[in-house]
Amino acid sequence: MRIERHAMQLSRQLKLLSEHLFPAHSAKALRTFSSGDAAHLIGVSDGYLRQLSLDGRGPSPHISETGRRSYTLQQINELRALIATTKPKDAISYLPHRQAGEKLQTIAVTNFKGGSAKTTTTLYLAQYLALQGYRVLAIDLDPQASMSAMLGVQPEFEVGTGDTLYGAIRYDEERKPLKDIIRKTYFEGLDLVPGNLELMEFEHDTPRALAEKRASQGEPFFRRVGVAIAEVEDRYDIVVIDCPPQLGYLTLGAVCAATSLLITVHPQMVDVASMSQFLLMTSDLLAVVRKAGGDLSHDFIKYVVTRHEPFDGPQSQIVALLRGLFADDVLTATILKSTAISDAGLSKQTLYEMEKGQVRKSTFDRAMESVNAANAEVLDNLKKVWGRK
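Going by the annotation in an unreviewed UniProt entry, the name recorded for the protein chain is Plasmid partitioning protein RepA, with Rhizobium oryziradicis given as the source organism.

Put into structure tokens, the structure is as follows:
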């Protein structure tokens, strides 16, 4: 069959290309951060970090030939823990992990229209939260597994049978604990449940399980994602889920597991029309799930305007339309369309990973400002749920 032959040819070529670009002995690594950047992330002055270093307290920074100090993200987190012990009254400001009584926050990022930057939004949010000192679990529920690839996992070659969330939510005896599937990433504080095409098996298995009433032997399909996450909730502060680009059983499971939803939207009329259909279909399906006993209470639902060109007249009109309809449910900050973001993606990087100077400073700063502003808004909403100031 021609399609099968083409698939095999392309797969082999991709494997050869991958082995050339990413040899077996190489692994993706996160850059180090200047002492100024480290101080900004922690919330102290650069002079304070310098004094800690001079006093021999905390991890020793790398010192370049020119005397510049730099820290890894792991060292930054060690400094957070150290400073939290020396300033107990303000400890949560430096080490912001969940406190007693604060529930795990699970954010599902969803939309079934391609091109809405759903995966990019999920990835940037996960990395931003990890940089702020939170313990983050990213779950790739998209069979295309673009987020997994961006986080250094090649889904076609490095993710085996049962190594996706499907392994923890399947209906048969081969189901295994989520803790056995989670992988550490090169990005300190950010763990990953990778995806690949295996996830589609859940879409095929669920109708059969429902027809054979096998689902009644365990949790119903819409609770399985949440039950799997609950097994590891003590290890994390925030879970971020990249949902599939269709409204299937996986997406419904993620929406039911989520405490909050982010719906990405590209401000073009065709995308907004598609989102309208998505919301109508979601509403109908969730009504069925609710009748079956699903818990669909979300702490917040926010629309995220992505790939925004603020000087484009029609886009500005659509953004104004969304704000008029949904008011505060639309994030104030929008994520700009930027060559800096797309250029970073070509090398499987994000702006948070890029070394300064790889793209023009003004372009980089403008894109980074928009991404940080949107992510900070999401974090503020999470803090409100926890009752923090």
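Looking at this model, I keep getting lost on helix 15 (residues 339-346). Mind explaining?
Count 3.6 residues to each turn of an α-helix, and residues three or four apart come out pointing the same way. Listed in full, the buried residues belonging to helix 15 are Ala340, Ile341 and Ala344. Angular distribution of buried residues about the axis of helix 15 spans 100°; they occupy a single face of the element. Looking at helix 15, the residues exposed on the side facing more than 90 degrees away from the buried face are Thr339 and Leu346. Elements that come into contact with the buried residues of helix 15 comprise helix 6 (118-131) and helix 16 (361-386). Residue Ser338 occupies the N-cap position of helix 15, its side-chain oxygen lying 3.0 Å from the main-chain nitrogen of Ala340. At the exit of helix 15 stands Lys348, carrying a positive phi of roughly 55°.

I keep staring at the pattern of salt bridges and nothing clicks. Help me out?
Close approach of charged atoms lets side chains of opposite charge pair. Overall, the coordinates contain 16 salt bridges when judged by the stated rule. A salt bridge links Asp172 to Arg170, with the nearest nitrogen and oxygen atoms 2.8 Å apart. Taking relative accessible area as the criterion, Asp172 reaches 30% and is therefore assigned partly exposed. Across the pair Lys179 and Asp180 runs a salt bridge, and its minimum N-O distance is 3.3 Å. Looking at Asp180, the relative accessible area reads 45%, which means it is partly exposed.

Before we go on, may I ask you to explain the side chain of Ser148 in this structure?
Along the polypeptide, Ser148 turns up in helix 7 (residues 146-150). Judged by its relative accessible area of 0%, Ser148 falls in the buried class. Residue contacts for Ser148: discarding those within four places in its chain leaves Asp140, Val153, Leu192, Pro194 and Gly195.

How should I be thinking about the domain arrangement of the protein chain in this particular structure?
How large an interface is tends to be reported as the accessible area lost when its parts come together. Taken as a whole, the protein chain is organised into domain 1 (33-93) and domain 2 (105-386). Taken over C-alpha atoms, the centre of domain 1 sits 31 Å from the centre of domain 2. Counting the surface lost from both domain 1 and domain 2, the interface buries some 610 Å², and carbon and sulfur atoms represent 55% of this. It is Leu41, Leu73 and Arg80 in domain 1 that bury the most area against domain 2; as a group they hold 56% of the surface buried on that side.

Criteria and cut-off values
- Residues numbered from 1 in each chain as written.
- Predicted model: local features only at pLDDT ≥ 70, side-chain atom pairs only at ≥ 80, totals over all residues.
- Heavy atoms only, no water.
- Buried < 20%, exposed > 50% of the residue type's maximum accessible area, 1.4 Å probe, protein only.
- Helix = DSSP H or I, 4+ residues; strand = E, 2+ residues; numbered from the N terminus.
- Arc of directions from axis to C-beta.
- Contact = heavy atoms within 4.5 Å.
- Polar contact = N/O pair within 3.5 Å; in protein donor to acceptor, adjacent residues only side chain to side chain.
- Salt bridge = Lys/Arg side-chain N within 4 Å of Asp/Glu carboxyl O.
- Domains from an automatic or database assignment.
- Buried area = accessible area lost by both parts, 1.4 Å probe.

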